[in-house]
Amino acid sequence: MKPITTTAELAAFCNALAGEPFVAVDTEFMRETTYWPKLCLIQVASPTHEAVIDPLADDIDLEPLLAVMRDTSILKVFHAARQDVEIFNNLKAMPRPLFDTQVAGMAAGFGEQIAYDALVRQMLRIELDKSSRFTDWARRPLTEAQLTYALADVTHLAALFPILRERLETSGRLAWVEEEMTAISDPAAYDVDPEKAWRRLRPRKTAPKYLAVFKAVAAWRERTAQNRDQPRGRILKDEAIDELATQAPTSLDALNNLRGVPKGFGGSKFGPDLLAAIKAALADPEGYAPVVDKPGPPPPQNAGAVVELLKVLLKARAEEAGVASKLIATVSDLEKIAADDNAATPALTGWRRDAFGADALKIKRGELALVLDGAKVRVVEVRRAPRAE
């Protein structure tokens, strides 16, 4: 098998994709030692064409393929799409519209976060060869076996996608998956603006001084990691950001005395740069501190029991619908519903409300009950006794 290694070859292949209803796409990348994922291989298959593309080749410009990713007349099919989508988003080619077969598998009753090989096994009755699973995809040349393994990630995907979509259409759940795809293809989900890096973390306090330093350190780490193309954790651990925000050091000695900061950090080229970021934040903590949601009222005393009840209800409703429970609601969603009937959670909106959220509120109001019927939990309506005249 010969991969595509020139722009001319890629343009010819992409021209052949014009008019196709969908393309299955997968990528191989490395990012263990880098901030930015290093794209090593791209696999694409349509109902009639397939190819492996080598983005590391000297004489290739990916623009013809990126144009396909941007073409809204062609559906892009991925499995566990987020990291692939992140790569294309970084290349200014957000794949739209898209379809994630892992999410679709959850809606179709294949369990939570089903792996690609398991989905192929269950839907196509094909056992994938895993012998090249741990390939160093940045190494050249790739063997025939490695290229064949990589291409199988999209040829089988192209075969199972129409079957899976038809199954969802028949069950009336295709709209559920399409709603999820909107979130996956939202560029905001892949925003790496350093000034927003603090949002991925969990500040423990709400004081302006703490939040200002927290945001400044998170931004400094993100910017440094991007510029040096190193993982965030190699620059500074998450725990150290909280400690730095709490202690707000303004000298190298104070910086070196912190347990969460690597030994000798203050004496490195990182130390003065980090201190400058902290001092800048402390110059106007009120103005620089991010706005965070303040903790709401304490949950009711029986909140723990309500959450456990909701877990049982969720499991029952998910089993009845043949849907992975995680797709409907998370434990965090249940905790919010237990504390507030009007909680801002996806579980109380759209199809999730119909599948679970409305019943969750009825359970809280005592309008539904859970009954053990043998080994199965049934949800039954509670009949109120008529009031005495």
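Parameters and conventions
Residues numbered from 1 in each chain as written. Predicted model: local features only at pLDDT ≥ 70, side-chain atom pairs only at ≥ 80, totals over all residues. Heavy atoms only, no water. Helix = DSSP H or I, 4+ residues; strand = E, 2+ residues; numbered from the N terminus. Buried < 20%, exposed > 50% of the residue type's maximum accessible area, 1.4 Å probe, protein only. Polar contact = N/O pair within 3.5 Å; in protein donor to acceptor, adjacent residues only side chain to side chain. Contact = heavy atoms within 4.5 Å. Phe/Tyr/Trp six-rings, centres within 6.5 Å; stacked < 30°, edge-to-face > 60°. Lys NZ or Arg CZ within 6 Å of the ring centre and 35° of its normal. Axes fitted to C-alpha atoms, helices over the stretch in contact; angles between N-to-C directions. Parallel < 35°, antiparallel > 145°, perpendicular 65-115°, else oblique. Left-handed = near helix turned anticlockwise from the far one by under 90°. Nonpolar A, V, L, I, M, F, W, Y, C, P; charged D, E, K, R; others polar. Arc of directions from axis to C-beta. UniProt positions renumbered as here; feature names shortened; annotations may be inferred. Pairing = 2+ DSSP bridges.

What to know about the side chain of Gln 226
Next up, step 1: With respect to the secondary-structure elements, Gln 226 resides in helix H8 (residues 208-228).
Next up, step 2: Classification of Gln 226 as buried rests on a relative accessible area of 15%.
Next up, step 3: At 3.1 Å, the side chain of Gln 226 and the side chain of Tyr 35 are in polar contact.
Next up, step 4: Not counting residues up to four positions away in its chain, the partners in contact with Gln 226 are Tyr 35, Trp 36, Val 192 and Pro 194.

Quick word on the side chain of Gln 43
Next up, step 1: With respect to the helices and strands, the residue Gln 43 is situated in strand S2 (residues 38-45).
Next up, step 2: On the basis of relative accessibility, which here comes to 0%, the residue Gln 43 falls in the buried class.
Next up, step 3: Engagement of the side chain of Gln 43 in a polar contact is seen with the backbone oxygen of Ala 150, the distance being 3.0 Å.

Remarks on the packing of aromatic side chains
Next up, step 1: Taken as a whole and judged by the stated rule, the model has 10 aromatic pairs.
Next up, step 2: Judged by centre distance (4.7 Å) and plane angle (75°), the ring pair of Tyr 35 and Trp 36 falls under edge-to-face.
Next up, step 3: Through pairs of rings, three or more aromatic residues link up here, namely Phe 22, Phe 99 and Phe 161.
Next up, step 4: The ring of Tyr 288 has Lys 215 sitting right over it, with the charged end atom 4.4 Å from the ring centre.

Quick look at the packing of helix H14 (residues 303-321) against helix H16 (residues 331-339)
Next up, step 1: Closest axis-to-axis distance for the H14/H16 pair is 9 Å, and the angle between their directions is 125°. In terms of axis orientation, H14 runs oblique to H16. Pair H14 / H16 crosses with right-handed handedness. In this structure, H14 contributes Ala 303, Val 306, Val 307, Leu 310, Lys 311 and Leu 314 to the contact, and H16 contributes Val 331, Leu 334, Glu 335, Ile 337 and Ala 338.
Next up, step 2: Here the contact of H14 with H16 is composed, by residue class, of 9 nonpolar, no polar and 2 charged.

A word on helix H10 (residues 238-247)
Next up, step 1: Buried within H10 are the following residues: Ala 240, Ile 241, Asp 242, Leu 244 and Ala 245.
Next up, step 2: Among the structural elements, H8, helix H11 (252-256) and helix H12 (270-283) are those in contact with the buried residues of H10.
Next up, step 3: Looking at the residues trailing H10, positive phi occurs at Ala 248, about 45°.

Some details on helix H7 (residues 174-184)
Next up, step 1: Taken residue by residue, H7 has Leu 174, Trp 176, Val 177, Glu 180, Met 181 and Ile 184 as its buried positions. Burial along H7 is one-sided: seen end-on, the buried residues are contained in an arc of 155°.
Next up, step 2: Looking at the packing, one finds that the buried side of H7 touches helix H3 (82-90), strand S5 (98-100), helix H4 (101-107), helix H6 (144-171), helix H15 (325-328) and helix H17 (350-365).

Here's the deal with the UniProt feature "domain: HRDC" (unreviewed entry) in the protein chain
Next up, step 1: Using the residue numbers shown here, the UniProt feature "domain: HRDC" (unreviewed entry) corresponds to residues 207-288.
Next up, step 2: Annotated as residues 207-288, this span is 71% helix and 0% strand, and its ends, taken at the C-alpha atoms, are 12 Å apart.

Concerning the pairing of strand S1 (residues 22-30)
Next up, step 1: Here S1 lies mainly inside the structure; 8 of its 9 residues are buried.
Next up, step 2: Where S1 meets strand S4 (residues 75-78), 3 bridges bridge the pair, whose relative direction is parallel. Each residue of the ladder has a partner; that of Phe 22, found in S4, is Leu 75.
Next up, step 3: As defined by bridge partners, S1 adjoins S2 across 7 bridges and the pair is classed as antiparallel. Note on S2: the bridge partner recorded for Met 30 is Lys 38.

Describing unusual backbone geometry
Next up, step 1: With an omega of -15°, the peptide bond running from Arg 96 to Pro 97 counts as cis.
Next up, step 2: Its location among the elements puts Pro 97 in the loop between H3 and S5.
Next up, step 3: At the junction of Arg 140 and Pro 141, the peptide bond is cis and its omega measures out at 0° in the coordinates.
Next up, step 4: With respect to the helices and strands, the residue Pro 141 is situated in the loop between helix H5 (116-124) and H6.
Next up, step 5: Positive phi outside glycine occurs at Asp 229, with the angle close to 50°.
Next up, step 6: Secondary-structure assignment places Asp 229 in the loop between H8 and helix H9 (232-235).

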